[in-house]
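# Fold and contact review
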Amino acid sequence: MEQFSFIACMPDKPGALHRAAEIITRYEGNINRIQYDRRIDRNTVFFEVTAAPKAYQKILEELERIGYLQTSLQPVAFLKFNVYLPNCPGALFDFLNHTTSSGANITFLDFDDRGQHPERLVVSLNIEDASLIDALLNQLKSKYRLEIVEYDTTGEKLDDTVFYLRLAQKLRSYVGNAEDAFLMKFLHDINHIAQELSNLRKDPVEVFENILKVGETLSRTSGEGFYADVQRVRVKDGIELFCFQLPCGGNVYLFDTPDERVMIDTGYGIYQPDVVNMLQHYGLGDLSLLKRIYVTHADADHCGAAGYFSAPSYLNEETLKITRETSRAYGSSNQGCILEEVYTKMINLFSRFTPPSNVILFPEISAQAEEAEKRGAFPLIARFRIGSLEFEALQGLGGHMHGEIFYLCPEEGLVFPQDAVINFRSLSKERTEYNVLADYLMTSVNVDSTLAREERNALMSLILELDNRLLKKGKKCLICCGHGSVSILEDGKLVEHPGSERYLARKIPQEKSMCRK
C-alpha cells in the first residue's frame, strides 16, 4: 500500500462527494486526508489516499470518466461583455445555447427591462479553453450587437468560483515554467498549510494571501528591485568586515583580508546575481579571492545561494542533512510538523534554494560529551583563521534549528549568533513585514521555542563576559546578527553599530558595476 494525492473538481450538488468516496472505497482505498472549504472554492477537494498502486490507477480512471478528476491547471479566460437581445419570448434561451455549446461557465448576468438599458444583458464568463473564445464571439457578433467590456487571460479577473485556478496562475509567476503535475502537487502541499492553520482558527484565504506575499516579495526585491543596507567595520589593520542586509531573509557577511575573502552565510539563492553585482560595486567582485564560506544553519535565507559559489562551504553534518531533507524541523522535537515541512518546500522553491555542494564538514561532537571543550554553554567544535583573526565554531543547542553553528572571534569580540540573537528594532518596516510571514505560516520560526530561549540567554551571558574582558582594551563585542544590523550591547539592550549606507541596484548601471575592480 502506498500514499497518493490528487485534486478533485466536482459539481456543487448533493451527493457529489459521496460518489467520489464510493469509488475510493470500492477499490479499497483509505482516505488519509480530505480538505474542502466551500468558502474558498466550491468545486475543489483535496485528497490523500492510501491504496495499492493498481487500485489507485483504477480510482483515477473512474474519477476521470465521470469528470471529477482535476488533471491540469490551464489558464482560464475571463470575458465580460454587453449583449443586446431582442425583447421577445425565448431570446435569453437562444443566447444561452451559444454560451453552453462553447463550454463557458456563466459567473454573472444582469438584465432588467425596466432599467436604463432595457435590451442590454451584461454577461461574465469563465472559459477553460481560451481558443474557443474567438469562435463564441464570432457566433454572437453575427446575431447580436456586442460590446466587449473586459477580456483577461492572466487570472486576475476570475471570481472565487475558480479560486485554486486563480491561485495556480499567480504561483506560476514565482515558480517558473512548472509542469501542471508539479504545480498541482505544490498546490496540494500549500493547501495542507491552509488546513492546519484553519484548525488553529486562521482565515484560509489570509493563509493563501500570505503565501503569495512571500513569492511576490522575493520576486519584487530581486533584479532591479534589489537593495541592501551595508555596514563596513575596520576590524584591524588590513581586515574589513562587510555586513550586507539583503531585502529579505538573512544577512551576508564578508571579510576582506590581504590574501583572501571569507563569507559567512550567503542569503537566498534568488539574490545571488544581485549580491555578485553588489560585491563588484564595493570592489569585491573577484570571486577567485572568495576562498571559504561558513554556514550558520540550513535555512534557505542563510545558505540558499552557497551552491552558486565555487568556494567550499564549512558546516556540520546535521546542517548538510537538513539541506537534503524536506523539512527545516528535521532532527528537532518538532520534526513531524506539517507546517515546517510544507513551508520548507515552499520557501526553497520561491527563493531558488541552491544549497552548498562543495562541502567541508566540521568534526562531530556530542553536546553531552564531558570531555568537549566549551565556550559558555556551547561545545567548541573547530578553530580556524580569517587573516590574522582566530575564530571558534560553537555548536548551538538547536533552538532555532538543529545543527546550527555560532562563530566567535574572542580576541576582537566578533560574535555571529545567527538567528538566536537579533536586533529587531534595527529591522526596516518591509523586512519586519516579511519576517512576520514565516511566523504566521509556521506559528514560530524556532523549531524548539524552549531551547531557543535558553540559547539566547546563554549567548547574551557569553557576550557580557566578552564585553567585560574587552573593556580593558576600550572595545565592545560586535554582535553580527543573522538579521538586522551589526549591534553592540548597551545596558542590556542591542544598539545599532553606527555607519550604514543604502545600496540600490537600480542606481548602479549593470555594465558599469560589472567593470569595477
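Cut-off values and rules
- Positions within a chain are numbered from 1, following the residues in the order the chain's sequence is written.
- Only residues with pLDDT of at least 70 get local features here, since the model is predicted, and only at 80 or more are side-chain atom pairs given and counted; chain-wide, interface and lining totals rely on the full set of residues.
- Only hydrogens and water are removed before side-chain values are computed, so all heavy atoms of the structure are retained for them.
- Starting at the N terminus, helices and strands are each numbered in turn, a helix being any DSSP run of H or I of at least four residues and a strand any DSSP run of E of at least two.
- Here the term buried applies to any residue with accessible area under 20% of the maximum for its type, exposed to any over 50%, and partly exposed to those in between, with areas from a 1.4 Å probe on protein chains only.
- Residues are treated as being in contact if the distance between any of their heavy atoms lies within 4.5 Å.
- By the counting scheme adopted, Arg and Lys are positive, Glu and Asp are negative, and His together with the chain ends is not counted.
- A charge is said to be at NZ when it belongs to Lys, at CZ for Arg, at CG for Asp and at CD for Glu.
- By definition, pLDDT measures how confident the predictor is in each residue, and it falls between 0 and 100.
- Fitted lines through C-alpha atoms serve as axes, helices being fitted only where they are in contact, and the angles separating the N-to-C directions of these axes extend from 0 to 180 degrees.
- Small angles under 35 degrees read as roughly parallel and large ones over 145 as roughly antiparallel, with 65 to 115 read as roughly perpendicular and the rest as oblique.
- Throughout this entry, Asp, Glu, Lys and Arg are counted as charged residues, while Ala, Val, Leu, Ile, Met, Phe, Trp, Tyr, Cys and Pro are counted as nonpolar. The remaining residues, Gly among them, count as polar.
- Pairs of N or O atoms are called polar contacts if they sit within 3.5 Å, as long as, within protein, a hydrogen donor faces a hydrogen acceptor (for residues adjacent in sequence, only side-chain-to-side-chain pairs).
- A pairing counts as a salt bridge when a side-chain nitrogen of Lys or Arg comes within 4 Å of a carboxyl oxygen of Asp or Glu.
- In this description, a nonpolar core means a group of buried Ala, Val, Leu, Ile, Met, Phe, Trp, Tyr and Cys residues linked to one another through side-chain atoms lying within 4.5 Å.
- A patch is a set of surface residues, each over 30% in relative accessible area and not in a salt bridge, joined within 9 Å for like charges and within 5 Å for the nonpolar side chains Val, Leu, Ile, Met, Phe, Trp and Tyr.
- Method for areas: the Shrake-Rupley scheme with a 1.4 Å probe, in which residue coverage is limited to the protein chains shown.
- Think of it this way: DSSP has to see at least two bridges between two strands before they count as a pair.
- In this description, one arc is meant: the one made by directions from the helix axis to the C-beta atoms.
- Working definition: rings of Phe, Tyr and Trp (its six-membered ring) pair if their centres are within 6.5 Å, and the pair is stacked with planes under 30 degrees apart, edge-to-face with planes over 60 apart, and tilted otherwise.
- One fewer than the residue count of a helix, multiplied by 1.5 Å, yields its expected span.

### Focus on the overall build of the protein chain
Along its length, the protein chain carries 14 helices and 23 strands. By its C-alpha atoms, the protein chain is 100 × 55 × 40 Å across when sized along the principal axes. Across the 517 residues of the protein chain, 55% fall into the buried class. Long-range contacts, defined here as pairs at least 24 residues apart, represent 66% of the contacts in the protein chain between residues at least 6 apart. Here the protein chain contributes 57 positive and 72 negative side-chain charges, whose respective centroids are spaced 3 Å apart.

### Re the confidence of the model for the protein chain
Overall, the prediction assigns the protein chain a mean pLDDT of 89, with 93% of residues at 70 or greater. Counting interchain partners and residues more than four positions distant, the pLDDT-below-50 stretch residues 510–517 has nine contacts.

### A look at the packing of helix 11 (residues 338–350) against helix 12 (residues 429–442)
At their nearest, the axes of helix 11 and helix 12 sit 9 Å apart, and the two run at 140° to each other. In terms of orientation, helix 11 and helix 12 fall into the oblique class. Taking contact as the criterion, the partners of Leu 339, Glu 340, Tyr 343, Met 346 and Ile 347 in helix 11 are, on helix 12, Tyr 434, Ala 438, Leu 441 and Met 442. Among the residues forming the contact of helix 11 with helix 12, the class breakdown is eight nonpolar, no polar and one charged.

### Things to note about the side chain of Ser 487
Note that Ser 487 resides in strand 21 (residues 486–490). At a separation of 3.1 Å, a polar atom in the side chain of Ser 487 contacts the main-chain carbonyl oxygen of Ser 485. With residues up to four places along the chain from it excluded, the contact list for Ser 487 reads Asn 423, Cys 477, Leu 478, Ile 479, Leu 494, Val 495, Glu 496 and His 497.

### Structural notes on the pattern of salt bridges
As enumerated under the stated definition, the model contains 28 salt bridges in all. One salt bridge connects Arg 220 with Glu 430, and the closest N-O pair in it is separated by 2.8 Å. Taken together, the positions of Arg 220 in helix 7 (residues 204–220) and Glu 430 in helix 12 put the pair 210 residues apart, joining distant regions of the chain. Across the pair Asp 467 and Lys 476 runs a salt bridge, and its minimum N-O distance is 3.5 Å. We classify Asp 467 as buried; its relative accessible area is 8%.

### Observations regarding the nonpolar core
Ranked by internal contacts, the top residues of the largest apolar core, which has 72 residues, are Leu 218, Phe 244, Phe 350 and Leu 441. Every residue in contact with Leu 441, bar those within four places of it in the chain, is listed here: Ile 193, Leu 197, Val 207, Asn 210, Ile 211, Val 214, Leu 339, Tyr 343 and Met 346. Grouped together as the second largest cluster of nonpolar side chains are 28 residues, Cys 243, Phe 255, Ala 393 and Leu 478 included.

### Side note on a nonpolar patch on the surface
Side chains of Leu 17, Ile 31 and Ile 34 sit close together on the surface and give an oily, nonpolar patch of about 210 Å² of accessible area. Considering the arrangement of structural elements, one finds Ile 31 in strand 2 (residues 30–35).

### Things to note about the sheet that holds strand 2
The strand order across the open sheet formed by three strands is 1-3-2, and the pairing between neighbours is antiparallel. Each of the sheet's edge strands pairs with one partner strand only, and the pair in question is strand 1 (2–9) and strand 2. The sheet shows a mean angle of 20° between the axes of neighbouring strands, direction not considered. The pairing of strand 2 with strand 3 (residues 44–51) spans five bridges and is antiparallel. Note on strand 3: the bridge partner recorded for Asn 30 is Thr 50. Contacts from helix 1 (residues 16–26) reach strand 1, strand 2 and strand 3 within the one sheet, and its direction differs from that of strand 3 by about 15°. Set on the sheet, helix 6 (residues 180–199) makes contact with strand 1, strand 2 and strand 3; between it and strand 2 the angle comes to about 75°.

### Focus: helix 4 (residues 133–141)
Those residues of helix 4 that fall on the buried side of the exposure criterion are Ile 133, Leu 136, Leu 137 and Leu 140. Viewed along the axis of helix 4, the buried residues span an arc of 95°, placing them on a single side of the element. What points out from helix 4, more than 90 degrees from its buried face, is the exposed set Asp 134 and Asn 138. Looking at the buried side of helix 4, the elements it contacts are strand 4 (77–84), helix 3 (91–101), strand 6 (120–127) and strand 7 (145–152).

### What about the sheet that holds strand 20 (residues 478–481)?
As summarised here, the arrangement of the eight strands in space is 15-16-17-18-19-20-21-22, forming an open sheet in which the pairing is mixed. Only two strands of the sheet have a single partner each, and these edge strands are strand 15 (374–375) and strand 22 (493–496). Two elements, strand 15 and strand 16 (residues 378–386), share two bridges in a ladder whose sense is antiparallel. Across the sheet, Lys 374 pairs through a bridge with Pro 379, a residue of strand 16.

### Here's the deal with the packing of aromatic side chains
In total, this model carries 30 aromatic pairs according to the counting rule given. Aromatic side chains Phe 244 and Tyr 282 sit 5.9 Å apart centroid to centroid with 55° between the ring planes, which places their arrangement in the tilted category. Pair noted here: Phe 244 is in strand 9 (residues 239–245) and Tyr 282 is in the loop between helix 8 (272–281) and strand 12 (290–294), with a separation of 38 residues, a long-range link. Using a relative accessible area of 11% as the deciding quantity, one classes Tyr 282 as buried. Here Phe 255 and Phe 391 contribute two aromatic rings whose centre-to-centre distance is 5.5 Å and whose plane-to-plane angle is 75°, an arrangement assigned as edge-to-face. A residue pair is termed long-range when its members are at least 10 positions apart, and Phe 255 in strand 10 (residues 252–256) and Phe 391 in strand 17 (residues 389–395) qualify at 136 residues.

### Focus: the environment of Gln 395
Considering the arrangement of structural elements, one finds Gln 395 in strand 17. Linking Gln 395 and Asp 41, residues 354 residues apart in sequence, is a C-alpha distance of 47 Å.

### Regarding unusual backbone geometry
Backbone geometry at Arg 201 places phi at a positive 70°, although glycine is not the residue there. Within the secondary structure, Arg 201 sits in the loop between helix 6 and helix 7.

### Concerning helix 11
Counted at 1.5 Å a residue, the expected span for helix 11 with its 13 residues is 18 Å, and the 18 Å between its end C-alpha atoms agrees. Most of helix 11 sits inside the fold, with ten of its 13 residues counted as buried. When helix 11 is considered as a whole, its buried residues turn out to be Ile 338, Leu 339, Glu 340, Val 342, Tyr 343, Thr 344, Met 346, Ile 347, Asn 348 and Phe 350. Contacts from the buried residues of helix 11 go to helix 5 (163–175), helix 6, helix 7, helix 9 (300–303) and helix 12. Positive backbone phi, approximately 55°, marks Arg 352, located one or two places after helix 11.

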